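# Per-entry structural report
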Amino acid sequence: MSNSQQVRYVLVIEEPKSSRTIALVQSTYSIGRHSSNSIVLNSKQVSRKHATLMRKKDSKDNDGFWIIDGDGQGNRSNNGIYINGQRRLEQELKQGDVVKLGGEVKITYQIMESEDSFDVFGNNTELLEKPYDTNNISITNQGDLARENSNSYELMKLASFPESMPNPIVEMDIKGRIIYLNPAAKLKFQNIEEANKKHPLIAGLLNPEIYRDDRLFDRQIKIGEEVLEQYVHYLPEQQLLRSYLFEITDRKRSQERLEYLAYHDLVTDLPNRQYFQEQLATALANAAPNQNTMAVLFIKLDGCKNIDDTLGYEMGDRLLKAFAKRLGSCISAEDLVGRWGSNEFTVLLRSIKNAEEPGKVSQKIIYSLDRPFAIDNYKLKTNIRIGIALYPQDGEDGNSLIRNADAALCNSQEQGGNSYCFYSQKSNLQASTWLKMSNLLQNALERKEFVLHYLPEINARSGGTYGVEALLRWENSQLGLVNPDKFIPVAEQNGSIVPIGEWVLQTACAQSKAWQDQGLPPIRMAVNLSWRQFKDKNIVAVVSKVLSETGLAPNLLELEITETTLMQDVSSALKTMHDLQRMGVNMTIDDFGIGYSSLAYLRKFNFNVLKIDRFLVQETKNDPRDLAFMSALVSLGHSLNLRVVAKGIETQEQLTLLRSLQCEEMQGYFLSKPLTAEEATTFLSIHSTITTINMRSA
């Protein structure tokens, strides 16, 4: 484009939940989701540094922008850039080019030509900062005006541009008085002057905070059934507010529909599992400071498979929809009912007065099934079972409440159909034993009743030891040797797990450093963190203090957390994990493969190690489906550059099977039982000489 004819380059950006327009005035722009970019995009599918815009001139002094995939330093984006449907590494942009980033973001490149720079969105050009005033201009058409005064092109443009715009343009002063309406605005908003400040276009714009400096912003407004995007530009010299209106009703409806589908079940129109979990997390966050008591009901509708098999899936879906409607009629408006999956439903009672109230609601639901479901010519009768978990006594987080309500549902099966059952938190321990254990745990550290054993992580091919996992053992004079599966949940509930966990961390790190001081090669020390430890606000400081006191290199420490731990508070977990990794500590996701959304957490969190749950290992047989599933897990970990460790190796068959699937790191009783510190010293002196760890990187 010749310099004698100046142009304005504009990007129209459409994101999942918003759109905006940006005038390009700089020579270089970085584009991505990280806040350091010149143009920040609000989409998780966009890379941190996704693309770069560069202004270039050719040998003929023609001007224009090029777009380059990545940060301009040779680092490409994850999903690439697509220009007019074709993937490109770089390309000079032309008028109307459509660029798509990450599948969700659409960018349209526009070029506006004139003899003087002119910007439809008022980006500080002389022409745009003048109010539109056509009172003294006689306009017939653009050609006539040009013939009347061939030297008044700018006057013609100033007058004809807003008049010919198909979109409404409205000017008002800072008191809300209408100064100018173009023809499109007069046609669309015929009552704007009568409605004045109450009109949606004006309401909310007369706040002095809005019209300060040379400010440009946008908002969405609704007039009748239409949704409009309103771009507002404040012109300080004229004390005017100029609005450009674009109708986006169809786009808004499409977005709302997509958002609805993302959070609702298609068959029943009930909130789906994801929405229910988010609402439960919000309710728990509000319940703690207000000391509210809540309940979660887990409901299973029996007989659905029989109906699917005999009458067809369509009839089964209609039964589910009818049951969902009847279920909703049994709870109050402030409570929530959702479809968990298949024939399972969940209910959240946000505030209950006493423990009997969930039982009454359950009984009401059961009574509602006395009437059969009349569908076509059929009268369908079905039974339900309901499990109930109460907050806070049956769990302080959403995952625990749902799991315990599900466990109670299993107990209700013993009572037959149409029954409900409360979760018994101490079902595996007599109440007196549980209370006694809780009291004894409070002083167990002082009495030095805890000891650590160490379970080696073995390279199945070389026999070398990559690391050990610290396992807590408790031997009490009254209770004897207590299984960790029994005392750790008690310690988590009474809070003693925090000081106990700090002792485990201190002892394990000191032992690892002691092995090095004895001349053994450095190996990784894995320490489990409970959910209560991980959410403790001092956890990062505690880890830093222990590493400093013991002298253990941070890259030799691995902290293991489960998916359940992450689900307590995702945003807080992300920050804690980032702070620990920035310190140099490795993070492991433990018991992988048995949670509801393990893949989602692998994508969201930057783990270093993946440990496959022992249950999956033990259930894997020499069967094509088992092998395919386990192979997929191992390959997934390797493709994400994670160390993959298989837990629970107890037989030669399992060892051979996992080795054939390229899983090289393993632990389990077949390879080595948990060892005392003395036994582990002897073991490592024999096995750890085969492999060593780079002290500079984990």
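Above: the structure in question.
Residues numbered from 1 in each chain as written. Predicted model: local features only at pLDDT ≥ 70, side-chain atom pairs only at ≥ 80, totals over all residues. Heavy atoms only, no water.

Moving on, we come to the packing of helix 7 (residues 304–311) against helix 8 (residues 313–328). Contact geometry of helix 7 with helix 8 gives a least axis separation of 7 Å together with a crossing angle of 145°. Residues Cys304, Ile307, Asp308 and Leu311 of helix 7 form the contact with helix 8, whose participating residues are Tyr313, Met315, Gly316, Leu319 and Leu320. Here the contact of helix 7 with helix 8 is built from residues that sort into seven nonpolar, one polar and one charged. (Axes fitted to C-alpha atoms, helices over the stretch in contact; angles between N-to-C directions. Helix = DSSP H or I, 4+ residues; strand = E, 2+ residues; numbered from the N terminus. Contact = heavy atoms within 4.5 Å. Nonpolar A, V, L, I, M, F, W, Y, C, P; charged D, E, K, R; others polar.)

We now examine the sheet that holds strand 16 (residues 240–247). The strand order across the open sheet formed by five strands is 13-12-16-15-14, and the pairing between neighbours is antiparallel. Two strands in the sheet have a free side with no partner beyond their single neighbour: strand 13 (178–181) and strand 14 (216–223). Ignoring which end each strand starts from, the neighbouring axes of this sheet average 25° apart. Sheet strands touched by helix 5 (residues 249–263): strand 14, strand 15 (226–235) and strand 16. Its angle to strand 15, the strand with the most contacts, is close to 115°. (Pairing = 2+ DSSP bridges.)

Moving on: the pairing of strand 15. In terms of burial, strand 15 is a largely internal element, nine of the 10 residues being buried. Where strand 14 and strand 15 come together, eight bridges link them in antiparallel fashion. Paired with glutamine 220 across the two strands is glutamate 229, which belongs to strand 15. Here strand 14 folds back onto strand 15 in antiparallel fashion, the turn holding two residues, of which glycine 224 has a positive phi close to 65°. Sheet topology note: the strand 15/strand 16 ladder contains eight bridges and is antiparallel. Note on strand 16: the bridge partner recorded for valine 232 is serine 243. Turn length for the strand 15-strand 16 hairpin, with the two strands adjacent in sequence and antiparallel, is four residues, and the turn residue glutamine 239 shows positive phi of about 55°. (Buried < 20%, exposed > 50% of the residue type's maximum accessible area, 1.4 Å probe, protein only.)

The next point concerns the nonpolar core. Membership of the largest hydrophobic core comes to 73 residues, with the highest contact counts inside it found for Leu557, Leu559 and Phe607. It is helix 13 (residues 497–517) that provides the largest number of residues to this core, a total of seven residues. Dropping the residues within four chain positions of it, leucine 559 is found in contact with Leu505, Val527, Leu529, Val543, Leu580, Val585, Asn586, Met587 and Thr588. Judged by nonpolar contacts, the second largest core, of 31 residues, contains Cys330, Leu349, Ile365 and Ile375. (Core = buried A, V, L, I, M, F, W, Y, C linked by side-chain atoms within 4.5 Å.)

A separate point is the packing of helix 13 against helix 15 (residues 539–550). Contact pair helix 13 / helix 15: the axes reach a minimum separation of 9 Å and the direction vectors enclose 30°. Taken together, the axes of helix 13 and helix 15 are roughly parallel relative to one another. For the pair helix 13 and helix 15, the sense of crossing is right-handed. Contacts between helix 13 and helix 15 involve Glu502, Leu505, Gln506, Cys509, Ala510 and Lys513 from the first element and Val542, Val543, Lys545, Val546, Leu547, Glu549 and Thr550 from the second. Looking at the contact of helix 13 with helix 15, its residues break down into seven nonpolar, two polar and four charged. (Parallel < 35°, antiparallel > 145°, perpendicular 65-115°, else oblique. Left-handed = near helix turned anticlockwise from the far one by under 90°.)

What follows concerns the packing of aromatic side chains. Using the criterion set out here, one finds 14 aromatic pairs in the structure. Judged by centre distance (6.4 Å) and plane angle (85°), the rings of phenylalanine 276 and tryptophan 340 are edge-to-face. You can see phenylalanine 276 sitting in helix 6 (residues 273–290) and its partner tryptophan 340 sitting in strand 18 (residues 336–341), a full 64 residues away along the chain. Here phenylalanine 276 and tryptophan 340 have matching classes, each one buried. (Phe/Tyr/Trp six-rings, centres within 6.5 Å; stacked < 30°, edge-to-face > 60°.)

Turning to the sheet that holds strand 18, a few remarks are in order. Spatially, five strands are ordered 18-19-17-22-23 in an open sheet, and the strand pairing comes out mixed. Either end of the sheet is taken by a strand with one partner, and the two such strands are strand 18 and strand 23 (419–422). Geometrically, the sheet is characterised by an average inter-axis angle of 20° between neighbouring strands, direction not taken into account. Relative to strand 19 (residues 344–349), strand 18 runs antiparallel, the two sharing five bridges. What sits directly across from valine 337, in strand 19, is valine 347. With respect to the sheet, helix 6 is in contact with strand 17 (294–301), strand 18, strand 19 and strand 22 (384–391), its orientation differing from that of strand 18 by roughly 135°. Most of the contacts of helix 9 (residues 356–368) go to strand 22, to which it runs at about 165°, and overall it touches strand 17, strand 19, strand 22 and strand 23.

When you tally the buried positions in strand 1 (residues 7–15), you get seven out of nine residues, the bulk of the element. With seven bridges connecting them, strand 1 and strand 2 (residues 18–24) associate as antiparallel partners. Along strand 2, the bridge assignment pairs tyrosine 9 with leucine 24. Hairpin connection, strand 1 to strand 2: the antiparallel pair is bridged by two residues.

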